[in-house]
Amino acid sequence: MRIVMIGSGYVGLVSGACLADFGHEVICVDKDRSKVDHLKAGRLPIYEPGLGDLVSGNVQAGRLSFSTTLPAAVADADVVFIAVGTPARRGDGYADLSYVYGAAREIAAAARRDAVIVTKSTVPTGTGDEVERIVRELRPDASIAVASNPEFLREGAAIADFKHPDRIVIGTSDPRAAQVMEEVYRPLYLNKAPILQTSRRTAELIKYAANAMLATKIAFINEIADLCERAGADVQDVARGIGMDRRIGGKFLNAGPGYGGSCFPKDTLALIKTAQDHGAPLRIVETVAASNANRKRAMGRKIIAACGGDVRGRCIALLGLTFKPNTDDMRDSPALDVVAALQDAGARVRAFDPEGMPQARILLPDIEYAADAYSCAEGADGLAIVTEWDAFRALDLARIAQLLRGKVLIDLRNIYSFADASRHGLAYVSVGRSDADDGDMESLGQRTAEAAE
């Protein structure tokens, strides 16, 4: 099939490359000429494991190409996906749909009269209705169908998620559009990927509801982690205990500094605003969003307390800046709030991230960047693990202890244990664990201050 992907960002590029790998002819269109030039030269705008080889292979095979010219690209397309950004609107938190509607106008003017337009961008319920209104207004003589096909890609595992999905959601009441979309995903029939066909509005809401549910699990286990620290329990064992219940499942029950990234923060906020507009406020989701915002700030305070309660003039080292490993995405990363809290307290911050530092330099221009984990730790008054990159899972703790000025390791991802750290003379703070390990925060801070002197 001839497919056009409007938008060559994370969703558009991954989806376009995977569809091309299925054998479809795909053109990814983007207004950013610099991005398109880089893609044509084989330079990707994002980091995603395996994506470079997937893109280059399909470009060489002639199935994938890039363009800045929308009318020419969509003129012969069977299906046109809208995969542009829907960021939270500044000031009120609503999803900014201007890019979606702008794309719809351009597509409608140039598309075949029997094309199918599909919103893959994450959009509030009812957006497809407005896209259809725009199309009908501009092309009253055409039979262009409008469908919804939300994406469920995890950054760092996007290719596997696209090729081996838990489900494919197709939102349309148009039989022809449904048939076309089934043909788009026909290669996945071999993987027995279930296709759920719903109304367009239902499909749009499924995406928001899924992200809100996952965000709720994260916020829930983080609050349980706080209780564990005070009650003398271990949040990792609690997570295992409840995760073994098949009704709950073990995913998204890792306590840490809170969720971030391009989806959960903006999508929960957009869902909250949509629900308020419909007079059906989602109190649970509202609480989740507030809890997560508080969580990020609290992690900065946790690091300060672990370092004796006063970090003014001290150097605090951070390992990991992206919101999760295997991505370079810094959007709404907990590290941003952690850095802000440390700087507000007068600390000097040094950081290292395997992939995120180019993006971090834009958002955090006034911190020091290190070449690796060990140079990051050298001479610092405390070391905090903020993102659980594989490269941080087997650090030489003896070397870390020698390099640190203040012998304290704050593990916000629970990678290590008290035994690991104490064996090398490190004071250790984790999340949601209250073994003889951490002791109370006040005494730990005192030990840390003494070690730094």
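Refer to the structure printed above.
Quantities reported herein were computed from a predicted structural model and do not represent experimental measurements.

Student: I'm lost on the sheet that holds strand β9 (residues 315–319) in this one. Help?
Tutor: In a beta sheet, neighbouring strands pair by backbone hydrogen bonds and run either parallel or antiparallel. Strand order in the open sheet formed by six strands is β11-β10-β9-β12-β13-β14, and the pairing between neighbours is parallel. Two strands in the sheet have a free side with no partner beyond their single neighbour: β11 (368–369) and β14 (427–429). Pairing between strand β12 (residues 382–385) and strand β13 (residues 408–411): three bridges, direction parallel. Bridge assignment links Ala-384 to a residue of β13, and that residue is Ile-410. With respect to the sheet, helix α12 (residues 283–306) is in contact with β9, β12, β13 and β14, its orientation differing from that of β13 by roughly 160°.

Student: Just to check I follow, could you spell out the nonpolar core for this structure?
Tutor: If you look at the biggest cluster of nonpolar residues, it comprises 62 residues, and the most contacted ones within it are Ile-303, Leu-318, Leu-319, Leu-321, Leu-342 and Ile-410. Here this core takes five residues from β9, the largest share from any one element. Those residues in contact with Leu-321 that sit more than four places away from it in its chain are Met-330, Ser-333, Ala-335, Ala-351, Asp-353, Met-357, Ala-360, Leu-364, Tyr-369 and Thr-387. Residues Cys-28, Leu-54, Ala-147 and Leu-188 belong to the second largest nonpolar core, which totals 40 residues.

Student: Any chance you could explain the pairing of strand β1 (residues 2–6) here in plain terms?
Tutor: Sheet faces and side chains relate simply in a regular strand, where the side chains alternate between the two faces. Buried residues dominate β1, accounting for four of its five residues. Here β1 runs beside strand β2 (residues 25–29); their pairing, made up of five bridges, is parallel. Bridge pairing in β2 links Met-5 to Cys-28. Handedness of the crossover joining β1 and β2 through helix α1 (residues 10–21): right-handed. Inspection of the sheet shows β1 paired to strand β4 (residues 79–82) by four bridges, in the parallel sense. Its bridge partner lying in β4, Ile-6 is registered against Ile-82.

Student: What should I look at first to understand the packing of aromatic side chains in this one?
Tutor: Think of a pair of aromatic rings as described by two things: how far the centres are apart, and how the planes are tilted against each other in angle. Tallying each qualifying case throughout the model produces five aromatic pairs. For the pair Phe-22 and Phe-162, a centre-to-centre distance of 6.0 Å together with 35° between the ring planes defines the contact as tilted. In this pair, Phe-22 sits in the loop between α1 and β2 while Phe-162 sits in helix α7 (residues 158–163), placing the two residues 140 residues apart along the sequence. A relative accessible area of 6% means that Phe-162 is categorised as buried. The interplanar angle of 80° and the centroid separation of 5.8 Å between the aromatic rings of Tyr-259 and Phe-264 together place this pair among those described as edge-to-face. Through successive ring pairs, a cluster of aromatic residues spans Phe-22, Phe-162 and Tyr-185.

Student: Help me understand the pattern of salt bridges in this model?
Tutor: As a working rule, side chains carrying opposite charge can pair if their charged atoms are close by. This structure, assessed with the given rule, holds 30 salt bridges. Among the salt bridges present, the one from Asp-78 reaches Arg-112, with a minimum N-O distance of 2.9 Å. Separated by 34 residues along the polypeptide, Asp-78 in the loop between α4 (70–74) and β4 and Arg-112 in the loop between α5 (98–110) and β5 (116–119) bring together distant segments of the chain. By relative accessible area, Asp-78 is classed as buried at 16%. Residue classification places Arg-112 among the partly exposed residues on the basis of a relative accessible area of 23%. Taking the shortest distance from any N to any O, the salt bridge between Arg-240 and Asp-237 comes out at 2.6 Å. Highlighted residues: Arg-240 and Asp-237, both in helix α10 (residues 235–243), separated by three residues, approximately one helical turn. Taking relative accessible area as the criterion, Arg-240 reaches 48% and is therefore assigned partly exposed. On the basis of relative accessible area, Asp-237 is assigned to the partly exposed category, the value being 46%. Among the ionic contacts, a cluster of salt bridges with common partners joins Asp-129, Glu-132, Arg-136, Arg-200 and Arg-201.

Conventions and cut-offs
- Residues numbered from 1 in each chain as written.
- Predicted model: local features only at pLDDT ≥ 70, side-chain atom pairs only at ≥ 80, totals over all residues.
- Heavy atoms only, no water.
- Pairing = 2+ DSSP bridges.
- Helix = DSSP H or I, 4+ residues; strand = E, 2+ residues; numbered from the N terminus.
- Contact = heavy atoms within 4.5 Å.
- Axes fitted to C-alpha atoms, helices over the stretch in contact; angles between N-to-C directions.
- Core = buried A, V, L, I, M, F, W, Y, C linked by side-chain atoms within 4.5 Å.
- Buried < 20%, exposed > 50% of the residue type's maximum accessible area, 1.4 Å probe, protein only.
- Right-handed = clockwise from strand over helix to strand, strands pointing away.
- Phe/Tyr/Trp six-rings, centres within 6.5 Å; stacked < 30°, edge-to-face > 60°.
- Salt bridge = Lys/Arg side-chain N within 4 Å of Asp/Glu carboxyl O.

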